[in-house]
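Each chain, written out:
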Amino acid sequence: MTETVDVVLIGGGIMSATLGTLLHQLQPEWKIVAFERLSDVAQESSNPWNNAGTGHAALCELNYMPQGDGPLDPAKAVSINEQFQQSRQFWSSLVDKGVLDAPSTFINATPHMTFVRGEKDVAYLKDRYEVLKKQPLFAGIEYSEDSRVINTWAPLLMQQRRKGEPFAATRVPAGTDVDFGALTHQLFDHLTSSGVSLRTNHEVRSLKKQKDGTWLVKYRHSLGRTPGDVKARFVFVGAGGWALKLLQRSGIPEIKGYGVFPIGGQFLKTSDPKIVAQHQAKVYSQASVGAPPMSVPHLDTRVVGGEASLMFGPFATFSPKFLKQGSMLDIVSQVRPHNLVPMLQVAVKNPDLITYLVGELMKNHAKKVDSLRTFMPTAKDEDWTLIDAGQRAQVMKKDPKKGGVLQFGTEVVSASDGSIAGLLGASPGASTAVPIMLGLLKKCFPNEFPSWEPELRDLIPTFGMQLNTDAALAEESTAATAATLGINR
Ligand SMILES: Cc1cc2nc3c(=O)[nH]c(=O)nc-3n(C[C@H](O)[C@H](O)[C@H](O)COP(=O)(O)OP(=O)(O)OC[C@H]3O[C@@H](n4cnc5c(N)ncnc54)[C@H](O)[C@@H]3O)c2cc1C
């Protein structure tokens, strides 16, 4: 007889790990089963070498406060920062509860900087600084056009830099580098030790709604190819790039009109201790024309498994696969009558993106190090190697005015009865896993959610509050999580 459980999580990435942990804290008696098609969790986008590990809080990323015609608006940057504070508070509570290991195993203080060149961008960065320094969540931001000051923040940016060119930088000490792979592993370790069943090497093949309201989840063992099934009251499709195809297979009408566009990535990496010792920051800059917001180049300190290295990129690549270990047929098999027009519209209306991607594909190793030299003039080709990052499956969807749009955020798609939900898209991604999953819980569990709020406030002390509108609360809250996590406030 088919086993019936409360929750099925599809995919062993940071999103399923976060949702599973939240649900387990809120309803410890619920039976949860997680399926992962690969032999271990955190092997796709959540793996530390498949993403950049930036704790996205809008401290350094210009795309959250772009230059427009009018005055700069901090609303989006503040909102991303507020979301990251929820993730920080959740992780901090889990450290206190012993669910997560020592914070340095997954999060490390790494100042976030923005570095720009040329008069126009210098003026923009200065304006951005003037606006953000008044926001309580950005209180520690510093600005400089002085090479001696920037040299103390990030010496690699200044060594042998050509004289005469205007440049400027901002720096926020509260920035972080996060190993989302370690976080995913630790969350799943705790879940499995608390009775959650994690079934690796199990690929979910189909989802069918039953008359009794449950979902019949059919899977296949990836090694023996033996099939099996389980029934669930609620299904979360946390399958990363494959979420679209599973949601399509579920037949829910809410997925109509959606498609995804895969963008791969590569990073230059060095572990040379002499170079690594000279850089302790994540330095973002302006995106090239046509580049998607998440392809902004950055020179980062990464700490993985206790070892520091530097990464630069990402450089966009193209593959038709929606996951790094996906299928060459992914891009064509998503096509349905309801998403064909929106997808064609996206192709026609984004010529800058296509030009940008072609330009990126033409770059060989030397050209990639040339790009790095705009950040680090002393970079040598032989010190850096290219590594392949994860696939980003960007959302394309129907738009009543434009026909079809390409969007760079994440989006939860759920059935109207809340019995199934999945996550599409990539940015800001893992950093905002906690607020994304809180939003999903509210949407899919409207009856239970009010009774969960006291427990949620225990896990996330400022749950339901805005920090940026209350400077004292922002100070108190960020100082508390910083002390637990060993990072800067
Ligand atoms: C190049 C790059 C840089 C990034 N940089 C950052 C960053 O700096 N900061 C940040 O916060 N975010 C970043 N992100 C985004 C972040 O990595 C993702 O948002 C996040 O890891 C997504 O987690 P996930 O759990 O949804 O997906 P994944 O980690 O991809 O996990 C999905 C899992 O589902 C499994 N799966 C798929 N189909 C099935 C099936 N049918 N049955 C069973 N299992 C299945 C897959 O094998 C995989 O393990 C970056 C992403 C990329 C690609």
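Residues numbered from 1 in each chain as written. Predicted model: local features only at pLDDT ≥ 70, side-chain atom pairs only at ≥ 80, totals over all residues. Heavy atoms only, no water.

As recorded in an unreviewed UniProt entry, the chain goes by Probable malate:quinone oxidoreductase and comes from Microbacterium oxydans.

Draft legend 1. Geometry of the overall build of the chain. In terms of regular secondary structure, the chain is built from 15 helices and 20 strands. A globule of 489 residues ought to have a C-alpha radius of gyration of about 23 Å, and the chain, at 22 Å, matches this closely. Overall, the C-alpha framework of the chain stretches about 75 × 50 × 45 Å when taken along its three principal axes. Within the chain, buried positions represent 57% of all 489 residues. Sequence-distant contacts, at least 24 apart, represent 72% of the contacts inside the chain between residues at least 6 apart. When the accessible area of the chain is evaluated, it comes to approximately 19800 Å², of which 53% is carbon and sulfur surface. Between the mean site of the 51 positive side-chain charges and the mean site of the 48 negative ones, the chain shows a separation of 6 Å. (Helix = DSSP H or I, 4+ residues; strand = E, 2+ residues; numbered from the N terminus. Rg over C-alpha atoms; globule rule 2.2 N^0.38 Å. Buried < 20%, exposed > 50% of the residue type's maximum accessible area, 1.4 Å probe, protein only. Contact = heavy atoms within 4.5 Å. Areas by Shrake-Rupley, 256 points an atom, 1.4 Å probe, with all protein chains shown as cover. Lys, Arg positive; Asp, Glu negative; His and termini not counted. Charge placed at Lys NZ, Arg CZ, Asp CG, Glu CD.)

Draft legend 2. Fine view of the site of the ligand. In the vicinity of the ligand lie 38 residues, with Glu-36, Ser-46, Thr-54, Val-204 and Ser-431 positioned nearest. Residue Glu-36 places a side-chain N or O atom 2.6 Å away from an oxygen atom belonging to the ligand. Listed by contribution, the elements that provide at least two residues to the shell around the ligand are helix H1 (14-26), strand S2 (32-36) and strand S9 (202-209). Each residue belonging to the shell around the ligand can be placed in one class, and the counts come to 16 nonpolar, 17 polar and five charged. (Near = heavy atom within 4 Å. Polar contact = N/O pair within 3.5 Å; in protein donor to acceptor, adjacent residues only side chain to side chain. Nonpolar A, V, L, I, M, F, W, Y, C, P; charged D, E, K, R; others polar.)

Draft legend 3. Here's a closer look at the environment of Gln-278. Relative to the helices and strands, Gln-278 is located in the loop between helix H8 (273-276) and strand S13 (282-284). Ignoring sequence-local partners within four residues, the contact set of Gln-278 consists of Pro-155, Leu-156 and Gln-159. Looking at Gln-278, its side chain comes within polar contact range of the side chain of Gln-159, at 2.9 Å.

Draft legend 4. Representation of the pattern of salt bridges within the structure. A full pass over the atoms with the stated rule returns 25 salt bridges. Across the pair Glu-165 and Arg-161 runs a salt bridge whose closest N-O atoms are separated by 4.0 Å. Taking the shortest distance from any N to any O, the salt bridge between Arg-205 and Glu-203 comes out at 2.9 Å. In this structure Glu-203 comes out as buried when scored by relative accessible area, which is 14%. (Salt bridge = Lys/Arg side-chain N within 4 Å of Asp/Glu carboxyl O.)

Draft legend 5. Just the packing of H1 against helix H6 (residues 180-193), in detail. Orientation of H1 relative to H6, taken along the N-to-C sense of each, is 35 degrees, at an axis distance of 9 Å. H6 is crossed by H1, and the crossing has left-handed handedness. On H6, the residues that touch Ile-14, Ser-16, Ala-17, Thr-18, Gly-20, Thr-21, His-24 and Gln-25 of H1 are Phe-180, Leu-183, Thr-184, Leu-187, Phe-188, His-190 and Leu-191. For the contact of H1 with H6, the residue count by class is seven nonpolar, eight polar and no charged. (Axes fitted to C-alpha atoms, helices over the stretch in contact; angles between N-to-C directions. Left-handed = near helix turned anticlockwise from the far one by under 90°.)

Draft legend 6. Structural context of the side chain of Arg-128. Position of Arg-128 among the secondary structure elements: in helix H3 (residues 119-132). Buried charge Arg-128 goes without a salt bridge, the closest partner of opposite sign being Glu-61 at 5.4 Å.

Draft legend 7. Just the packing of helix H2 (residues 75-96) against helix H13 (residues 433-444), in detail. Their axes nearest at 7 Å, the elements H2 and H13 cross at an angle of 95 degrees. By the angle class used here, H2 and H13 are roughly perpendicular. Of the residues in H13, those in contact with Gln-83, Gln-86, Ser-87, Phe-90 and Trp-91 of H2 are Ala-433, Val-434, Pro-435 and Leu-438. Its residues assigned to classes, the contact of H2 with H13 shows six nonpolar, three polar and no charged. (Parallel < 35°, antiparallel > 145°, perpendicular 65-115°, else oblique.)

Draft legend 8. Examining unusual backbone geometry more closely. The omega torsion across Gly-313 and Pro-314 is 0 degrees, close enough to zero to call that bond cis. Within the secondary structure, Pro-314 sits in strand S15 (residues 307-317). The phi dihedral of Gln-160 is positive, around 60 degrees, even though this residue is not glycine. If you trace the backbone, Gln-160 turns up in the loop between helix H5 (155-158) and strand S6 (167-172).

Draft legend 9. View of H2. Helix length check: H2 (22 residues) gives 32 Å between terminal C-alpha atoms against 32 Å at 1.5 Å per residue, within 8%. Counting buried positions along H2 yields 17 of 22 residues, so the element is predominantly enclosed. Within two residues after H2, Gly-98 carries a phi angle of roughly 80 degrees, on the positive side. (Expected span 1.5 Å × (residues − 1).)

Draft legend 10. Broad picture of the nonpolar core. Formed by 80 residues in total, the largest nonpolar core has its most connected members in Leu-19, Trp-91, Phe-106, Phe-234, Phe-236, Leu-441 and Trp-452. Those residues in contact with Trp-452 that sit more than four places away from it in its chain are Leu-23, Leu-26, Gln-27, Trp-30, Leu-441 and Phe-445. Val-8, Tyr-219, Val-230 and Ile-255 belong to the second-largest nonpolar core, a separate cluster that totals 32 residues. (Core = buried A, V, L, I, M, F, W, Y, C linked by side-chain atoms within 4.5 Å.)

Draft legend 11. Quick peek at the packing of aromatic side chains. Applying the stated criterion across every chain yields a total of 15 aromatic pairs. Following the ring pairs from residue to residue traces out a cluster consisting of Trp-30, Phe-234, Phe-445, Phe-449, Trp-452 and Phe-463. Here Arg-233 stacks its cationic end above the ring of Trp-30, 5.0 Å away from the centre of that ring. In this arrangement the basic side chain of Lys-245 is found over the ring face of Trp-242, its NZ or CZ atom lying 3.5 Å from the centre. (Phe/Tyr/Trp six-rings, centres within 6.5 Å; stacked < 30°, edge-to-face > 60°. Lys NZ or Arg CZ within 6 Å of the ring centre and 35° of its normal.)

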